Amino acid sequence: MTKHLRRRQAVAAMTATAAVLALGMSYTSAAGAAPAKGTSAGAAVPANLKLIKTKTSLLGKHYWYQQTFKGLPVINGYYAQHVDKSGKITQVSDGRDAVPDSLDVSAKVPAATATKSANTVVTARATRNRIAGPNKSGTPTPTATQGAAQLAVVGGANARLVWNVTSRSGEGVTRSLVDAKSGVVVDSKVISDNVDGKGSVFDPNPVVTLKNENLTDQNDQNQDALFLAQKNVILRNLDGSGKLNGKYVNIAEAKGGLASSKTNTFVFQRHSDKFEQVEAYYQVNQTQEYIHSLGFSDVNNESQDFSINTFDGDNSFYDPSTDVITMGEGGVDDAEDAEVIWHEYGHAIQDDVVPGFGESEQAGAIGEGFGDYWAVQQSIPVSKGYDIPCVMDWDSTSYTDGPKHCLRRTDTGKTTDDIDGEVHDDGEIWSNALWDIQKALGRTKANKVILQGTFFYAPDTSFADAARVTVQSARLLYGKDAAAKVTAAFQARKILS
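Treat the numbers as computed from the prediction; the structure is a model and nothing was measured. (Residues numbered from 1 in each chain as written. Predicted model: local features only at pLDDT ≥ 70, side-chain atom pairs only at ≥ 80, totals over all residues. Heavy atoms only, no water.)

Let's talk about the nonpolar core
Stated precisely, the cut-off is as follows: By convention a nonpolar core is built from buried Ala, Val, Leu, Ile, Met, Phe, Trp, Tyr and Cys residues, the set being connected through side-chain atoms within 4.5 Å. For every residue, the accessible area (1.4 Å probe, protein chains only) is compared with the maximum for its type, and the residue is labelled buried under 20%, exposed over 50%, or partly exposed between those bounds. Two residues form a contact once any of their heavy atoms are found within 4.5 Å.
With 77 residues, the main nonpolar core has Phe306, Trp430, Phe490 and Ile495 as its most contacted residues. In this structure Ile495 touches Thr416, Ile429, Trp430, Ala433, Phe463, Ala464, Ala467 and Phe490, once residues within four positions along its chain are discounted. Counting residues in hydrophobic clusters, the runner-up holds 15 residues, among them Ala118, Val153, Leu161 and Val165.

Right under this line is the structure:
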């Protein structure tokens, strides 16, 4: 059995039980808590854990727990058991933090005060960081708005009671931690997964369909050239409500109101805001049906909520705190490009399979790289070979000079030597590795391996750790030869040696 502990948990390196108790900490040590290899599922699960999700993959089940302290969630505290089909535990991921038993969990600062402090910090940062995109004029940054503030605990050396506040601003969705005793904002970070760009409601987009890099948005006007790129499709799995709600997609909110039809006929030209609603529904339904065709029945197997054209900026993002994908309308409306939709859905996939995924910089880069890869591989059946590694060809016409328009690529040749700490840049290393795996194994086998490997990620995984479980999945699914090809793909990016 392999065990993954957070590097910041020095307590686990001691003879943990005695050391932690001596310090007056509430934490069941990894030593002694982790079942031996071959132990039945559910055995020896430490105290103060709440089961939050059970996932089923091709190789077994995966049980995810939230660490708690006196009934409150511990921020980023997790524990997972990975169980094979015989019911035996094959791996444990332990990301718990030590919390002093004496920690007082009564708040002195009201929730409203904490929320106001968090939004002030978020708004100020969004204003500082806002940079108008190429050929775009800057617009004022909206004041941050918030969701509910909830009490939580931060563990570790600086354990404290905090208000966990979610805010929405021009940067996307931010999680701020406000000390519930002093009111100081101790941490604030963007938790939504963002992509800059707009898209086309075609299959996958007008640039690819028409093989024309000279197309432009023209302020969302109908154009004869773009009309030729439209494709009549069947919208499967609708719930019959007369709206774009179904088994895998729910258009929950949209600029201009929700599309509706008593006959379930949703035909619009691209100037209509309802056009993007149809595109989002169709493309997500397509990708989820494809996932099921691979044998996975529990990979974001739900009706994914979408908010269409409700963000003024040239950006779209997945918000893990509400499980909503928001599509922006700056430049080319994002939901006009299927690859923007697929990229954001990639984030929803990973957050569903691995609760809280993306805690480390490299995990964030894996998220961006997977999103880009998922977008371009979904284009393979409909792109007729037109520069498939180019990500978001139509969306990027609003902010790239050409003659070729790509937000990013999955064949840059980048390696870990090129890491610069920016998740989208570093994501091109990961997406290139996945793209090479696809070329080596073929699309079907590669995607089975990649999705299966995701089930074994830790929320704060590294390139190397994620690569190793992907290689392991290839070996278990397809044998040594497949594992060797996957290993070679990661070695080419210098992720594995």
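Side note on unusual backbone geometry
Which entries qualify depends on this criterion: Helix and strand assignments follow DSSP, with helices taken as H or I runs no shorter than four residues and strands as E runs no shorter than two, numbered in order from the N terminus.
Here the residue pair Asp203 and Pro204 is connected by a cis peptide bond, since its omega of 5 degrees sits within 30 degrees of zero. Here Pro204 lies in the loop between strand E12 (193-196) and helix H4 (206-210). In this structure, the amide linkage connecting Gly402 to the following residue, Pro403, adopts the cis form with an omega of 5 degrees. The topology assignment puts Pro403 in the loop between strand E17 (390-391) and strand E18 (408-409). Its identity is not glycine, yet Asn309 carries a phi of approximately 60 degrees, on the positive side. Topologically, Asn309 is positioned in strand E14 (residues 304-311). Under the relative-accessibility criterion, Asn309 is labelled buried at 2%. Of note in the backbone geometry, Lys494 takes a positive phi value of approximately 65 degrees without being a glycine. Residue classification places Lys494 among the partly exposed residues on the basis of a relative accessible area of 47%.

Section: the state of the cysteines
Rules: Note that a disulfide, as used here, is simply two cysteine sulfur atoms within 2.5 Å.
Here the structure, examined in full by the defined rule, presents 1 disulfide. Between the sulfur atoms of Cys390 and its disulfide mate Cys406 the distance is 2.1 Å. Residues Cys390 and Cys406 are joined through a disulfide that is left-handed, its torsion about the S-S bond being -120 degrees. Taken as a pair, Cys390 in strand E17 and Cys406 in the loop between E17 and E18 lie far apart in primary sequence, 16 residues in all. The buried category is assigned to Cys390, whose relative accessible area is 0%. Overall, the relative accessible area of 16% leaves Cys406 in the buried class.

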